[in-house]
Amino acid sequence: MASQQYRVLIAVDGSVNSEFAVLWYLRHIHAPGYEVVLGHVGEQQVNPSFAFRAGIAIPKEEWQAMLKEAEDQVKAILKKHRDTLHSAGVETVKCASEAGNPGPHLVDIANKTKCQLIVIGTRGLSTMARTFLGSVSDYVLHHSQVPVCICPVPEEHNKKYQDPQGKDSTKF
């Protein structure tokens with residue numbers, strides 16, 4: 001009887017939080033033979049020309065350049081995390097990228113790729129912000145069919161990525 005491969009979805013978005021989730025997975029969960037699916041869900045790209053009167057729309061070439069830049073950023077994020085995982089000995093890393101509302105799409109990616117676990121960082125929103133805005137990790141936790149591991153970023157890890165003026169930067 002063939003055993004099913006253990007597959008883990010790690011949500012990534014280019015933030016310190018998602019980097020920490022990748023590192024936490026490597027330190028605490030990964031075992032030989034485990035497969036990883038890196039899931040990225042970006043904003044839905046909507047051509048603003050439909051929202052403006054003719055004559056003031058973004059030129060087609062500029063719009064295409066904006067789309068290409070967004071696509072290149074996603075590829076760079078996925079490559080960075082894939083390289084981190086490969087260098088740590090993870091043999092199988094697949095990537096899934098979608099556009100739209102991150103919570104539902106991450107749950108969908110986990111279902112489509114038959115993952116047994118989801119690892120996701122948290123932005124550390126205040127109680128008030130979570131109440132009004134919701135959070136991706138909260139949505140995934142409550143709608144996933146599989147266990148979810150939510151990894152808050154420790155303060156010392158977050159300090160590694162502050163700029164020289166001391167401003168918190170969650171982008172690399």
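Data block above holds the structure.
Not measured: the values here are computed from a predicted model.

## Thoughts on the pattern of salt bridges
Right, on to step 1. Applying the stated criterion to the full structure yields 6 salt bridges.
Right, on to step 2. For the salt bridge of Glu35 with Arg7, the shortest nitrogen-to-oxygen distance reads 2.8 Å. Here Glu35, found in strand β2 (residues 35-42), pairs with Arg7, found in strand β1 (residues 7-11); they are 28 residues apart in sequence, far enough to count as distant. For the pair formed by Glu35 and Arg7, the shared burial category is buried.

## A look at the nonpolar core
Right, on to step 1. Counting residues in each nonpolar core, the largest one holds 22 residues, and the members touching the most others are Ile10, Val12, Tyr25, Val36, Leu38, Leu85 and Val119.
Right, on to step 2. Elements with a minimum of two residues in this core: β1, α1 (16-28), β2, α2 (60-87), β4 (117-121) and β5 (148-151).
Right, on to step 3. Per-element tally for this core: the top contributor is α1, with 5 residues.
Right, on to step 4. The next biggest cluster of nonpolar side chains, apart from the first, holds 14 residues, and it includes Ala96, Val107, Cys115 and Ile120.

## With respect to unusual backbone geometry
Right, on to step 1. One non-glycine residue, Lys114, adopts positive backbone phi at about 55°.
Right, on to step 2. Inspection of the secondary structure puts Lys114 in the loop between α3 (102-112) and β4.
Right, on to step 3. Taking relative accessible area as the criterion, Lys114 reaches 55% and is therefore assigned exposed.

## Some remarks on the sheet that holds β2
Sheets are built from strands that pair by backbone hydrogen bonding, the pairs being arranged parallel or antiparallel.
Right, on to step 1. Spatially, β3-β2-β1-β4-β5 is the arrangement adopted by the 5 strands of the open sheet, whose pairing is parallel. Both outer strands of the open sheet, β3 (92-99) and β5, are each paired with one neighbouring strand and no more. Shown here is a sheet whose adjacent strand axes are inclined to one another by a mean of 20°, direction ignored.
Right, on to step 2. Summarising the sheet, β4 and β5 pair through 4 bridges and their orientation is parallel. Bridge pairing links Ile118 to Val148 in β5.
Right, on to step 3. Seen against the sheet, helix α5 (residues 136-143) touches β4 and β5 and runs at an angle of roughly 165° to β4.

## Concerning the packing of aromatic side chains
Right, on to step 1. This model, assessed by the stated rule, comprises 1 aromatic pair.
Right, on to step 2. Aromatic pair Tyr6 and Tyr34: ring centres 4.6 Å apart, planes at 40°, arrangement tilted. Here Tyr34 lies in the loop between α1 and β2 and Tyr6 lies in the segment before β1, a separation of 28 residues in the sequence.
Right, on to step 3. Of the residues examined, Tyr34 reaches a relative accessible area of 23% and is grouped as partly exposed.

Analysis parameters
- Residues numbered from 1 in each chain as written.
- Predicted model: local features only at pLDDT ≥ 70, side-chain atom pairs only at ≥ 80, totals over all residues.
- Heavy atoms only, no water.
- Salt bridge = Lys/Arg side-chain N within 4 Å of Asp/Glu carboxyl O.
- Helix = DSSP H or I, 4+ residues; strand = E, 2+ residues; numbered from the N terminus.
- Buried < 20%, exposed > 50% of the residue type's maximum accessible area, 1.4 Å probe, protein only.
- Core = buried A, V, L, I, M, F, W, Y, C linked by side-chain atoms within 4.5 Å.
- Pairing = 2+ DSSP bridges.
- Axes fitted to C-alpha atoms, helices over the stretch in contact; angles between N-to-C directions.
- Contact = heavy atoms within 4.5 Å.
- Phe/Tyr/Trp six-rings, centres within 6.5 Å; stacked < 30°, edge-to-face > 60°.

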